[in-house]
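Below are the chains, spelled out letter by letter.
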Amino acid sequence: MDSNSLYYSLELVAGSGHILTPEQRTALESSLVLLKKNYKFSRVLFWGKILGINGVYFIAQGRGEDEMKDKKNLYSLNCMDWFLLPPASDSMIEEVSKATKGRFIGDPSFVYEHQEIHRQGEGNEPVNEKAVITITEEKRLAVAVHQIDAEVSVVPRGAFIKSPRGLVQLNRSFGGLSEAEARKLDNFLHLRQSKNMKKKSVLDMGDWNPAMDYLDALSDDIPKGSWSLQFEFARKVCVLRSLLWLGLTFYHVPMTPQHGYIYIGDGTKNLDLPFML
Amino acid sequence: MDGKEERVQSAAAFKSYMLKNSTKSNLNLYDHLTRLLMKLMDEQPHNAVDVIEDMSSDVKRGLLEEMQSTVKDLPETTADVELAEQQRLLFTRPKDVDHEEELVETPLPNVSELSFYLEQAGVGLGRDEMQRIFLALKQLVESQPLLHCRLWGKILGTENSYIVAEAIVEGDDHSVDEPAEEEEREVDTQENEIDQLPQSTYKPPSVVPKEATGTGANKFVYYVCNEPGLPWVKLPSVSPAQITAARQIRKFFTGKLDTPIVSYPPFPGNEANYLRAQIARISAGTQVSPQGFYQVLEEEGDEEDEVSQSNYEPNPDFEGIPAAEMAESLSNWVHHVQHILLQGRCTWVNLAVKPGDESNEEGEADEKEEEPDEPEPEVGPPMFTPISQDAEMFNTPPWSLSLSSTLTSQHAVAVLRSNLWPGAYAYACGKKFDNIYIGWGLKYTGGGYTPPVLPLPQKEYPSVPEITEALDPSLEEEQALKEALEEQQAVREEMEATDEEEEEEDD
């Protein structure tokens, strides 16, 4: 969620059970402003917390001109000193998925090791080669943040528009979804490169606006039912919770431009989802 | 004279022509010109003759708007309006309550204090929501005769969430619900008289009896509601079969208490029972207190076999452990809820006791010596075990300890987080402590969940030699057998013949 709205929007996502202590909140308000100035971001967001066994990571995200492509992730252990996370490449994602198991430890220099045994059969003498893959927790963190953003980031329809130059930018005249619109899952979109998993017929795409409807809708997520939509806070705030990554909460106050999402959880994907629905 | 009359008549005719209502818009020219001229008189615009056409269309449009506004919208009752009306009741004060009654000890917990300490720990539902829950608990305490009440926490669901309160109801001790399973057995006996069908030798495993209210897993009664302000619903007590089934399934809650749970192994009950079973498991696994806060209640006349540790009370001599010490080592925290055994209860019940041998039920120890086939009693860890002895599962330590603040550690609160049940937290600060659970109600299962495998299909009938098929012997085998038999007979005849000869010789 945007650092400007931190002081009131944390209350709105508190229904998931996690809040920031007053000390952490005030520390963030100061340090995020400094972060924005130092890195020259156009917007800086407090992305969330990843709870490790021995420690907690606070993650911030800075956005540049294009909200989808110019993203930089930073982490901190005490809300004041921030370190840049490396961007997640495909090879890094593959290594992390092989080497890491279980929960985050809480120490960014912790090294996960994984031994892979390759068999190279040549005639009668197969040779066993052992390859040890080591990966630090910092890289695992970078990959986790990247995956969560790619799979479960949420924005309301109309909040981000594509400028004629192709840049994705905040829509300053976004007035908010109405109460009826906020109850439908297809008014919420993922902020990521469109994957177009379902081919939409011309009937559906009839009244789409190319500046607003270039992102995937939440209702196309597989499996269906992996989002929980509720009206909380005395039924005034629309809260979306992901069941795939437990801990991601999105809030939107209908008829106002206030929206945002935050992830507070242990940073592991819920692979048992099909059993649980 | 005639000219004047003619003029009057033609004026009247023209007036009546102007008064005729148009078929399209139901307006007439006379009224329209009247209104237009009145408007001109009121407004007196410059260059009236140039703007007269616009003014005329303005007047017409003005008429139409008036007609439309007579149709009023029915105010729709939106969801937040409905809830606001119910939540208004939270803020009303009953008139006939004396001030004196309120100063007496009430079972109402101090949720504001809880909310403050949890906020220091980074857990909670936000100040406004906690305040509403506080008032809802007050409503609960006023409507039911409760001896003790506590906010247990919140369980999130896919469509709606549950706010759970833990309570002890006055006068509800040690009552056991009568099982309604005896009715089914009577129907079967009627079939036997008609026809002798092969009897099934399947005996379903005997059902483990429920624990009485006030003991073991049913020590507390739980009330839930979807939102503060809505009426509280009492959850039914939990049975061991439900706990064992809940340990094997993994399902999200939907938010409606009567949703059926479709799973394998089949869960005996609906969502209300599943919710109660998960609450029992979470309480048994994560409710902890500083060591020494509670002490065992001493009862007179204890039987040796009965576990009398289920009763505890706050220790009046407890001096409080400083938060820094609480945050350093896990051995300062102890469980104060009984562990649930594999059987699904807190006290073990020997199911193999045969009905009719009532004299043997008193001495369970004697039975163990006589029949070594008796199942071994399950014993859980004793009450007040420090949590440093909790087993590590899936390579993760079961608890994470921290101090709430490193900058102001003089007044910090010790925070304990469970890794096995994500969402279970406990805080301790001097003499105060509490537990809370805010989460999805699911245990951490390590890598992935695999549903239990179906059992093998049952054998339909016992394999007795009379009905087992055997291959018919082939021709060669029969002939070989015949020859062998003939040989044997020939040998026997010879033996008899030699015996007779011997007998004759002796004579």
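Caption draft 1: Highlighting the overall build of chain A. Of the regular secondary structure elements, chain A holds five helices and 14 strands. Surface exposure of chain A reaches about 13,100 Å², of which carbon and sulfur atoms provide 53%. When the 33 positive and 34 negative side-chain charges of chain A are each reduced to one mean point, those points stand 4 Å apart.

Caption draft 2: Molecular detail of the pairing of strand 1 (residues 43-51) of chain A. Residue and element names in this part refer to chain A. A large share of strand 1 lies buried, amounting to nine of its nine residues. Taking the residues that link successive antiparallel strands as the turn, the strand 1-strand 2 (residues 56-63) hairpin has four residues. One ladder, built from three bridges, connects strand 1 with strand 14 (residues 259-265); its direction is parallel. Looking across to strand 14, one finds that Ile50 is bridged to Gly265.

Caption draft 3: Representation of the environment of Pro240 of chain B in the model. Residues and elements named next belong to chain B. Topologically, Pro240 is positioned in helix 9 (residues 240-248). Distance in space between the C-alpha atoms of Pro240 and Cys346 is 9.3 Å, their sequence separation being 106 residues. Among residues more than four places away in sequence, those in contact with Pro240 are Val208, Pro209, Lys210, Gln343, Gly344 and Arg345.

Caption draft 4: Up close: a negative patch on the surface. Residues and elements named next belong to chain B. Among the surface-exposed residues, Glu493, Glu494, Glu496, Asp499 and Glu500 lie close enough to one another that they form a single negatively charged patch. Mapped onto the elements, Asp499 comes out in helix 13 (residues 475-506). Look at Asp499 and you get partly exposed, because its relative accessible area is 39%.

Caption draft 5: The arrangement of the environment of Gln230 of chain A in detail. Residue position: Gln230 of chain A is located in strand 11 (residues 227-232). Residue class for Gln230 of chain A comes out buried when judged on its relative accessible area of 5%. Apart from the residues within four sequence positions on either side, Gln230 of chain A is in contact with Val237, Cys238, Val239 and Arg241 of chain A together with Gly157, Thr158, Glu159, Asn160 and Ser161 of chain B. Within polar-contact distance, the side chain of Gln230 of chain A engages the side chain of Ser228 of chain A at 3.3 Å. Of note is the side chain of Gln230 of chain A, whose polar atom sits 2.7 Å from the backbone oxygen of Gly157 of chain B.

Caption draft 6: Structural detail: the sheet that holds strand 1 of chain A. Residues and elements named next belong to chain A. Pairing is mixed in the open sheet, where eight strands are placed in the order 4-3-2-1-14-13-12-11. Either end of the sheet is taken by a strand with one partner, and the two such strands are strand 4 (83-84) and strand 11. Both strand 12 (residues 237-242) and strand 13 (residues 248-252) contribute to a ladder of four bridges, which runs antiparallel. Note on strand 13: the bridge partner recorded for Leu240 is Phe250.

Caption draft 7: Here's a closer look at unusual backbone geometry. Cis geometry is found at the peptide bond from Tyr264 of chain B to Pro265 of chain B, where omega equals 0 degrees. Phi is positive for Lys40 of chain A, which is not a glycine, with a value near 55 degrees. Considering the arrangement of structural elements, one finds Lys40 of chain A in the loop between helix 2 (22-39) and strand 1. In this model, Asn47 of chain B sits at a positive phi of 45 degrees, which is unusual for a non-glycine residue. Along the polypeptide, Asn47 of chain B turns up in the loop between helix 2 (29-43) and helix 3 (48-69). The exposure class of Asn47 of chain B is exposed, given its relative accessible area of 55%.

Caption draft 8: Spotlight on the interface of chain A and chain B. Taken together, the contact pairs 38 residues of chain A with 47 residues of chain B. Between chain A and chain B, the buried area comes to about 3,500 Å², and carbon and sulfur atoms account for 52% of it. Contact with chain B buries area across many residues of chain A, yet Arg103, Arg235 and Met276 of chain A alone supply 19% of it, more than any other trio. Put simply, chain A and chain B have two salt bridges between them. For Arg250 of chain B, the salt bridge identified is with Asp272 of chain A, shortest N-O distance 3.0 Å. Our count for the contact surface shared by chain A and chain B stands at 13 residue pairs in polar contact (both at pLDDT 80 or more). At the level of elements, helix 2, strand 11, strand 12 and helix 5 (273-276) of chain A are the ones that each hand at least two residues to the side of chain A that touches chain B. Among the elements that take part in the side of chain A that touches chain B, strand 11 of chain A stands out by supplying five residues, more than any other. Within the side of chain A that touches chain B, the residues separate by chemical class into 16 nonpolar, 11 polar and 11 charged.

Caption draft 9: Seen up close, the packing of aromatic side chains. In this structure the tally under the stated criterion is 20 aromatic pairs over all chains. With a centroid separation of 5.3 Å and 80 degrees between ring planes, the pair formed by Tyr7 of chain A and Tyr8 of chain A is classed as edge-to-face. Look at Tyr7 of chain A and you get exposed, because its relative accessible area is 54%. When its relative accessible area of 30% is taken as the criterion, Tyr8 of chain A is described as partly exposed. With a centroid separation of 5.2 Å and an interplanar angle of 65 degrees, the aromatic rings of Phe116 of chain B and Tyr117 of chain B are classed as edge-to-face. Note on Phe116 of chain B: relative accessible area 44%, which makes it partly exposed. Of the aromatic side chains, those joined through ring pairs into one cluster are Tyr57, Tyr75, Phe83 and Phe104 of chain A. Residue placement shows Arg103 of chain A over the ring face of Tyr444 of chain B; its charged tip is 4.7 Å from the ring centre. Residue placement shows Arg140 of chain A over the ring face of Phe104 of chain A; its charged tip is 4.3 Å from the ring centre.

Definitions and cut-offs
Residues numbered from 1 in each chain as written. Chains lettered and ligands numbered in written order. Predicted model: local features only at pLDDT ≥ 70, side-chain atom pairs only at ≥ 80, totals over all residues. Heavy atoms only, no water. Helix = DSSP H or I, 4+ residues; strand = E, 2+ residues; numbered from the N terminus. Areas by Shrake-Rupley, 256 points an atom, 1.4 Å probe, with all protein chains shown as cover. Lys, Arg positive; Asp, Glu negative; His and termini not counted. Charge placed at Lys NZ, Arg CZ, Asp CG, Glu CD. Buried < 20%, exposed > 50% of the residue type's maximum accessible area, 1.4 Å probe, protein only. Pairing = 2+ DSSP bridges. Contact = heavy atoms within 4.5 Å. Patch = residues over 30% accessible without salt bridge, like charges linked within 9 Å, V, L, I, M, F, W, Y side chains within 5 Å. Salt bridge = Lys/Arg side-chain N within 4 Å of Asp/Glu carboxyl O. Polar contact = N/O pair within 3.5 Å; in protein donor to acceptor, adjacent residues only side chain to side chain. Buried area = accessible area lost by both parts, 1.4 Å probe. Nonpolar A, V, L, I, M, F, W, Y, C, P; charged D, E, K, R; others polar. Phe/Tyr/Trp six-rings, centres within 6.5 Å; stacked < 30°, edge-to-face > 60°. Lys NZ or Arg CZ within 6 Å of the ring centre and 35° of its normal.

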